[in-house]
Amino acid sequence: MTETGNFYYGEDKIHYEVVRKDTKNKSRSDTLINEKSKPRKVVIKVHPDQRVVATAPVDASDEIIHDAMMKRARWIWQSLQEFAKQQDHVLPKRYISGETQFYLGRRYVLKVITDAKTNDVINSTVKLSRGKLHVELSQNDSELDAEKRAILVKSLIDKWYKDKFTSVSRERLEALIHKASWVKNSPSIKLITMKKQWGSCSTRGNLILNPHLVKAPKECIDYVILHELCHIAEHNHSENFWRLLTQVMPHWKEVKARLDGMAELYLNE
């Protein structure tokens, strides 16, 4: 289970995750804001999806970690504000090389390949390779004008996302179903693209999930699936529903906040 904590900066409540690591090991950092200073026991990073992560030795007490967060509270808050501003200016995608695509919580640079090497490609394809999402167009597709090519690239990526989420969603459901003891038979999953909703549960107890969800971290996917499984027992958002959700995912509020914080980017088409 993910270790979490929180603190206040002014009126803002800031949540953070704690990662315990051996001090002898060093981890590689992704593209993020990192406060560079002298080596210390607790290393704090603020990610583009507005996650705050404290990496601490396995024997560091909660008090030590919390004190470290408070000492850097202003910097953490400013970093969160900076990333929030970036999300305020989300532009419609043009589906050209250089744009950002997401998959399971990670960012990938889109690369649309239309050069001479595609002469032997019969069908256009999509694949992940070395931190990039490659869309390789066939010779015929490469000759389309910019507008038609963008429409094609979007359709290829959408299909790729849906195919990936078909297996990912089933995998996560199978991993989580044991928590939902009230569910007698594993429900079916139907994928439907939605603009403002991550999922729903039918009256027959089957799940409807948004394929855009495959862009989010697995923990966020788990939250949505567990949320909908709870609706099989409790059909509305009653106190019993929230109690049940807390039982199967105690930190669901933090996970939901993380998903909500990136929703505009994940749903951006």
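Check the entry above for the structure.
Calculation criteria
Residues numbered from 1 in each chain as written. Predicted model: local features only at pLDDT ≥ 70, side-chain atom pairs only at ≥ 80, totals over all residues. Heavy atoms only, no water. Helix = DSSP H or I, 4+ residues; strand = E, 2+ residues; numbered from the N terminus. Contact = heavy atoms within 4.5 Å. Expected span 1.5 Å × (residues − 1). Buried < 20%, exposed > 50% of the residue type's maximum accessible area, 1.4 Å probe, protein only. Arc of directions from axis to C-beta. Axes fitted to C-alpha atoms, helices over the stretch in contact; angles between N-to-C directions. Left-handed = near helix turned anticlockwise from the far one by under 90°. Nonpolar A, V, L, I, M, F, W, Y, C, P; charged D, E, K, R; others polar. Pairing = 2+ DSSP bridges. 1 Å grid on protein atoms, 1.4 Å probe; cavity = no way out; pocket = protein on both sides within 12 Å on 5 of 7 lines; lining within 4 Å. Points joined across faces, edges and corners; volume = space filled by probe spheres on them.

*Asks:* For this particular structure, what's the right way to read the environment of Arg170?
*Replies:* Summarising the element assignment, Arg170 is placed in helix α4 (residues 146–176). Spatially, the C-alpha atoms of Arg170 and Ile189 are 7.5 Å apart, while their sequence positions differ by 19 residues. In this view, Arg170 contacts Phe165, Ser186, Pro187, Ser188 and Ile189; residues no more than four positions away in its chain are not counted.

*Asks:* Help me understand helix α5 (residues 218–233), please; the structure alone is not making it clear to me.
*Replies:* Think of an α-helix as 3.6 residues a turn; residues three or four steps apart then line up on the same face. With 16 residues, α5 should cover 22 Å at 1.5 Å per step; its first-to-last C-alpha distance of 23 Å lies within 8% of that length. If you check which residues of α5 are buried, you get Cys220, Ile221, Asp222, Tyr223, Val224, Ile225, Leu226, His227, Glu228, Leu229, Cys230 and His231. Contacts from the buried residues of α5 go to α4, β11 (199–201), β12 (207–209), α6 (239–248) and α7 (252–267).

*Asks:* Can you help me understand α6 in this one?
*Replies:* Along α6, the residues that are buried comprise Phe241, Leu244, Leu245 and Val248. The arc that holds every buried residue of α6, seen down its axis, measures 100°, which confines them to one face. When the buried face of α6 is taken as reference, the exposed residues oriented beyond 90 degrees from it are Glu239 and Gln247. Those residues of α6 that are buried are in contact with α5 and α7.

*Asks:* Before we go on, may I ask you to explain the packing of α4 against α5 in this structure?
*Replies:* Each packed pair of helices is defined by two parameters, the angle between the axes and the distance between the axes. Orientation of α4 relative to α5, taken along the N-to-C sense of each, is 65°, at an axis distance of 10 Å. In this structure, the crossing between α4 and α5 has a hand that is right-handed. Residue-level contacts link Phe165, Val168, Ser169, Glu171, Arg172, Leu173 and Leu176 of α4 to Lys218, Ile221, Asp222, Ile225, Leu226 and Leu229 of α5. Split into classes, the residues belonging to the contact of α4 with α5 amount to eight nonpolar, one polar and four charged.

*Asks:* Can you help me understand the side chain of Arg51 in this one?
*Replies:* Summarising the element assignment, Arg51 is placed in the loop between β4 (43–46) and β5 (52–57). Setting aside anything within four residues of it in sequence, one finds Arg51 in contact with Glu17, Lys45, Val46 and Arg258.

*Asks:* Is there a simple way to explain the sheet that holds strand β9 (residues 132–136) in this structure?
*Replies:* In a beta sheet, neighbouring strands are held together by backbone hydrogen bonds and run either parallel or antiparallel to one another. Here four strands make up an open sheet; going across it, the order is β6-β7-β9-β8 and the pairing mixed. One side of each edge strand has no neighbouring strand; the edge strands of this open sheet are β6 (100–103) and β8 (125–129). Direction aside, neighbouring strands of the sheet carry axes that sit 35° apart on average. Sheet topology note: the β8/β9 ladder contains five bridges and is antiparallel. For Lys127, the partnering residue across the bridge sits in β9 and is His134. Contacting β6, β7 (106–113), β8 and β9, α4 crosses the sheet at an angle of about 15° to β6.

*Asks:* Could you clarify how one ought to interpret empty space enclosed by the protein in this entry?
*Replies:* A probe matching the size of a water molecule, rolled over the atoms, marks out where space remains unfilled. Counted by the stated rule, this structure contains one cavity of 30 Å³ or more. Counted as a void, the largest cavity has a volume near 30 Å³. Lining of the largest cavity is provided by Lys93, Tyr95, Gln101, Asp158, Tyr161, His212, Lys215, Asn268 and Glu269. Taken together, the residues of the lining of the largest cavity sort by class into two nonpolar, three polar and four charged.

*Asks:* Mind showing me how you'd approach the sheet that holds β11 here?
*Replies:* As summarised here, the arrangement of the three strands in space is β10-β12-β11, forming an open sheet in which the pairing is mixed. Of all strands in the sheet, those bounded by a partner on one side alone are β10 (189–191) and β11. Taking each pair of neighbouring strands and ignoring which way they run, the sheet shows an average axis angle of 20°. Pairing between β11 and β12: three bridges, direction antiparallel. Note that in β12 the partner of Ser200 across the bridge is Ile208. Across the sheet, α5 is in contact with β11 and β12; its angle to β11 comes to roughly 20°.

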